[in-house]
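Chain by chain, the residues:
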Amino acid sequence: MDRNVVTATVLITLILLVWFYFITPPLPPPGEGPGADSTLVTEQIPLQAEEERAQEPTLQAAPPVVVDSTTAAAQTGEARIITVETDLYEAQFSTKGATLVSFELKNFKQFDQETPINIVDTTKVGSLGLFFTTPSSRNVDTRSFFFETDLNGDVIRLDEGDDPATLQFAVQVGEGRIIQTYTFTPGSYEVGLSLQQEDALSFSTREGYDLFWDGGVPFSEGDHETEAIKTASYARAGKDVVGITLDGENYEEEDVRGSVSWIGVKNQYFAAIVIPSGDTRGAELIGERFGELEDPDMREDYEARLQMPAATGDVDEFRLYLGPMEYSRISAYDLGLYDMVDYGWDFFEFLTRPIAKFVFIPVFNFLDNYIPSYGIIIIIMAFLIKGAVYPLTKKSYRSMAQMRELQPKLEALKEKYGDNPQKQQEATMKLYRDSGVNPLGGCMPMLFQYPIIIALWQFLPQSIEIRQQGFLWANDLSAPDKILSLPFEIPLYGDFVAGFCMLMGISMIIQMRIQASPSTNPQAKMIMYLMPAMIFFIFNKWASGLNLYYLCYNVITAIQQKFINKSIEAEKKLEEEQGGPRKNAKGKAATKSKTNGRSKNGRSNGRQKGKSPRVKR
């Protein structure tokens, strides 16, 4: 989970608890790989100083060229690059390894809004490969093989509406052959892969083989520190999605046993996913970080391996999804691919994920059909959500208003029974019962809205729909809207001022001033200004779309609060003019008495027929 999210969640929760404390009277009390084989002859890599080697990715080196009678012929040849271009991407394949060496998305740019997004780590010798063991116990990576292709030219172009096209690679390995066939379809980010191994037992063992993706998905956003926390590798076994991230460690690995329905690697917005059509033996996920998290040159390297059973001569089919983490696209597979998107701790996720999937995303997509600006869509969502939770908001503010009316009486009880806590406790509980006010009535409805706040908190920064979408002065709603650069860096805050974040902080101050009353104690007034200051620091580095939402949310809340306060004052004035008793929170007439809590018939107001109502602690 994002460290900033954890910090912000904890701080805001603490601030809310402190705030409610002051506005509410107190209630009564890494493993090693296979060993080296001395019979293997590999390419020699020059030794480097330990300091330099520590900074180099261990997964970045080219696969060793193994001299083996079975594979020797396959490891000689000349590499050739073949380009495949569709309406959505431009892919490059190398005949050395029959592997992807580049996969650029035409409709998406990196943070500079000029360089195309590349799903493939181009520092590698290729992203896709097969790994198997020969009968003489040699480990082989097919990225060292030179494949042949029957394609005459070097380019395949597909326009929208064209039929799918194929690209086939083949290599002779001992007495057998490996044939890899890729299928490309216009208008789709899916690439089909057919893998056939003829006479496989002549060059591999019965243990099977691994189909792997090497290199993860390279960073594409300006804030590598945030993106690194969203970058991960996943596999799905049964109904469970297992993943590794490099939150606090520089190296992680995970072995997944049993049938696996897919493996995938992702960064904040894009993913490479391998989906097998047949049975599997399991999966292995590996992740490694090089450099410190705050280092601009830091990089993360992921490898996902799909462990397949021994080839039987039949064709193994796979689907490769290489594209954006758009919910409408990846949910169409019905394989739980969207579970790769992080929605916080498990404690929150069982609530926040359904809210995002079944409320936010459908509303977002529906409004997108009619409104061209995502900034306006975010504002409309703020109105819709505030309208939906208005009954809770109204109940909360009414309860808080009743508590403010009781405040003088509560203070009087403190003075009267200051030296007798038990007597003060009894008198306080009796006052609550007689007035029909629940001391938690102001905060509980607000806490019920907390899952919605957390869900939006997670959804908007990971929503690719708002990525590089501008609104007003913000060039990218998925990034901070910097309006002023500072000549120095402030811890936690950064070296810039974000416009929507600053306005959001001001809106919180206005909202709290409306909520405060003349009798608000000094501690509550201090919190009234401390909380916006904390939010101002926490949210400055967050996506401007999120700050825009909370800005609108606060403005609407202030308007609602002003309206509710006027409504309460009008009701109070009307009751005073009519001379009738005011109704308590349960709709019953509150009994007025000047005889120490007893009515005219001598009975205690709190001791009517039946059991006395109890206030839940």
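Q: Explain the overall build of the protein chain here, please?
A: Secondary structure summary: the protein chain contains 13 helices and 21 strands in total. By the burial criterion, 48% of the 617 residues in the protein chain qualify as buried. Carbon and sulfur atoms make up 54% of the accessible area of the protein chain, which totals about 31,000 Å².

Q: Whenever I open this one, the pattern of salt bridges confuses me. Can you help?
A: Side-chain pairs of opposite charge can arise where the charged atoms are in close proximity. Tallying each qualifying case throughout the model produces 18 salt bridges. In this structure, R143 and D141 form a salt bridge, with 2.9 Å as the shortest nitrogen-oxygen distance. The exposure class assigned to R143 is buried, which follows from its relative accessible area of 6%. With a shortest N-O distance of 3.7 Å, R281 and D210 are connected by a salt bridge. Here R281 is found in the loop between β16 (270-276) and β17 (282-290), whereas its partner D210 is found in strand β11 (residues 209-214), with 71 residues between them in sequence. Taking relative accessible area as the criterion, R281 reaches 36% and is therefore assigned partly exposed. With a relative accessible area of 10%, D210 lands in the buried category. Each of D121, K124, D141, R143, D214, R299 and D301 takes part in one network of salt bridges that share partners.

Q: I'm lost on the packing of aromatic side chains in this one. Help?
A: The geometry of an aromatic ring pair is captured by two quantities: the separation of the ring centres and the angle between the planes. With the rule as written, the count across this model stands at 17 aromatic pairs. Ring geometry for F93 and F169: centres 6.3 Å apart, planes at 35°, overall tilted. Taken together, the residues F93 in strand β2 (residues 89-94) and F169 in strand β8 (residues 165-173) connect sequence positions 76 residues apart. Using a relative accessible area of 1% as the deciding quantity, one classes F93 as buried. An aromatic cluster is built from F93, F169, Y182 and F184, whose rings are joined through pairwise contacts. The ring of F131 has R305 lying over it, and the distance from NZ or CZ to the ring centre is 4.9 Å. We note R305 situated over the ring of F212; from NZ or CZ to the ring centre the distance is 4.8 Å.

Q: Would you explain the packing of helix α10 (residues 450-462) against helix α13 (residues 544-578) in this entry?
A: For any two helices packed against each other, one specifies the crossing angle of their axes together with the interaxial distance. Remark: α10 packs on α13, axes separated minimally by 8 Å, with the N-to-C direction vectors making an angle of 145°. Across from I453, L456, W457, L460 and P461 in α10, the residues of α13 making contact are G545, L546, Y549 and Y550. Class assignment for the residues of the contact of α10 with α13 results in eight nonpolar, one polar and no charged.

Q: Is there a simple way to explain α10 in this structure?
A: Each α-helix turn comprises 3.6 residues. Residues three or four places apart therefore point the same way. A rise of 1.5 Å per residue sets the reference length of α10, with its 13 residues, at 18 Å; its end C-alpha atoms lie 19 Å apart and thus fit the reference within 8%. α10 sits mainly inside the fold: 11 of its 13 residues count as buried. Every buried residue of α10 is accounted for by Y450, P451, I454, A455, L456, W457, Q458, F459, L460, P461 and Q462.

Q: Help me out: how do you make sense of the nonpolar core in this one?
A: Nonpolar side chains tend to gather and get buried jointly when the protein is soluble and globular. F103, I119 and F459 are the most contacted members of the largest nonpolar core, which totals 125 residues. At eight residues, α13 tops the list of elements feeding residues into this core. Once you skip the residues sitting within four places of it in the chain, F103 turns out to touch Y89, E90, A91, I117, N118, I119, V120, V191 and L322.

Q: Where do I start with the side chain of T280 in this structure?
A: Tracing the chain through its elements places T280 in the loop between β16 and β17. One polar contact links the side chain of T280 to the main-chain amide nitrogen of V260, over a distance of 2.7 Å. Sequence-distant contacts of T280, defined by excluding residues within four places in its chain, comprise G258, S259, V260, L306, Q307, M308 and P309.

Q: How do you make sense of the sheet that holds strand β3 (residues 99-109) when you look at a structure like this?
A: Two strands in a sheet stick together by hydrogen bonds in their backbones, pointing the same way (parallel) or opposite ways (antiparallel). As summarised here, the arrangement of the five strands in space is β4-β3-β2-β1-β7, forming an open sheet in which the pairing is mixed. Looking at which strands have only one partner, the edges of the open sheet turn out to be β4 (116-118) and β7 (155-157). Neighbouring strand axes in the sheet, compared pairwise and without regard to direction, differ in orientation by 20° on average. Pairing of β2 with β3, which is carried by six bridges, proceeds in the antiparallel orientation.

Q: Explain the pairing of strand β15 (residues 260-266) here, please?
A: Sheet faces and side chains relate simply in a regular strand, where the side chains alternate between the two faces. For β15, a buried count of six out of seven residues is recorded, marking the element as mostly surrounded by other parts of the structure. Looking at chain direction, strand β12 (residues 232-237) and β15 are connected through six bridges and run antiparallel. Along β15, the bridge assignment pairs S233 with V265. With four bridges connecting them, β15 and β16 associate as antiparallel partners.

Q: Which parts of the structure should I look at to understand a negative patch on the surface?
A: On the surface, D159, E160, D162 and D163 cluster together into a negatively charged patch. Counting through the fold element by element, E160 comes out in the loop between β7 and β8. For E160, a relative accessible area of 68% translates into the label exposed.

Q: Help me understand unusual backbone geometry, please; the structure alone is not making it clear to me.
A: Backbone geometry places D199, a non-glycine residue, at a positive phi of 50°. One can find D199 in the loop between β10 (190-198) and β11. In this model, L472 sits at a positive phi of 55°, which is unusual for a non-glycine residue. With respect to the element layout, L472 can be found in the loop between α10 and β20 (482-490). Accessibility expressed as a relative area gives 62% for L472, which makes it exposed.

The rules behind the values
- Residues numbered from 1 in each chain as written.
- Predicted model: local features only at pLDDT ≥ 70, side-chain atom pairs only at ≥ 80, totals over all residues.
- Heavy atoms only, no water.
- Helix = DSSP H or I, 4+ residues; strand = E, 2+ residues; numbered from the N terminus.
- Buried < 20%, exposed > 50% of the residue type's maximum accessible area, 1.4 Å probe, protein only.
- Areas by Shrake-Rupley, 256 points an atom, 1.4 Å probe, with all protein chains shown as cover.
- Salt bridge = Lys/Arg side-chain N within 4 Å of Asp/Glu carboxyl O.
- Phe/Tyr/Trp six-rings, centres within 6.5 Å; stacked < 30°, edge-to-face > 60°.
- Lys NZ or Arg CZ within 6 Å of the ring centre and 35° of its normal.
- Axes fitted to C-alpha atoms, helices over the stretch in contact; angles between N-to-C directions.
- Contact = heavy atoms within 4.5 Å.
- Nonpolar A, V, L, I, M, F, W, Y, C, P; charged D, E, K, R; others polar.
- Expected span 1.5 Å × (residues − 1).
- Core = buried A, V, L, I, M, F, W, Y, C linked by side-chain atoms within 4.5 Å.
- Polar contact = N/O pair within 3.5 Å; in protein donor to acceptor, adjacent residues only side chain to side chain.
- Pairing = 2+ DSSP bridges.
- Patch = residues over 30% accessible without salt bridge, like charges linked within 9 Å, V, L, I, M, F, W, Y side chains within 5 Å.
- Lys, Arg positive; Asp, Glu negative; His and termini not counted.
- Charge placed at Lys NZ, Arg CZ, Asp CG, Glu CD.

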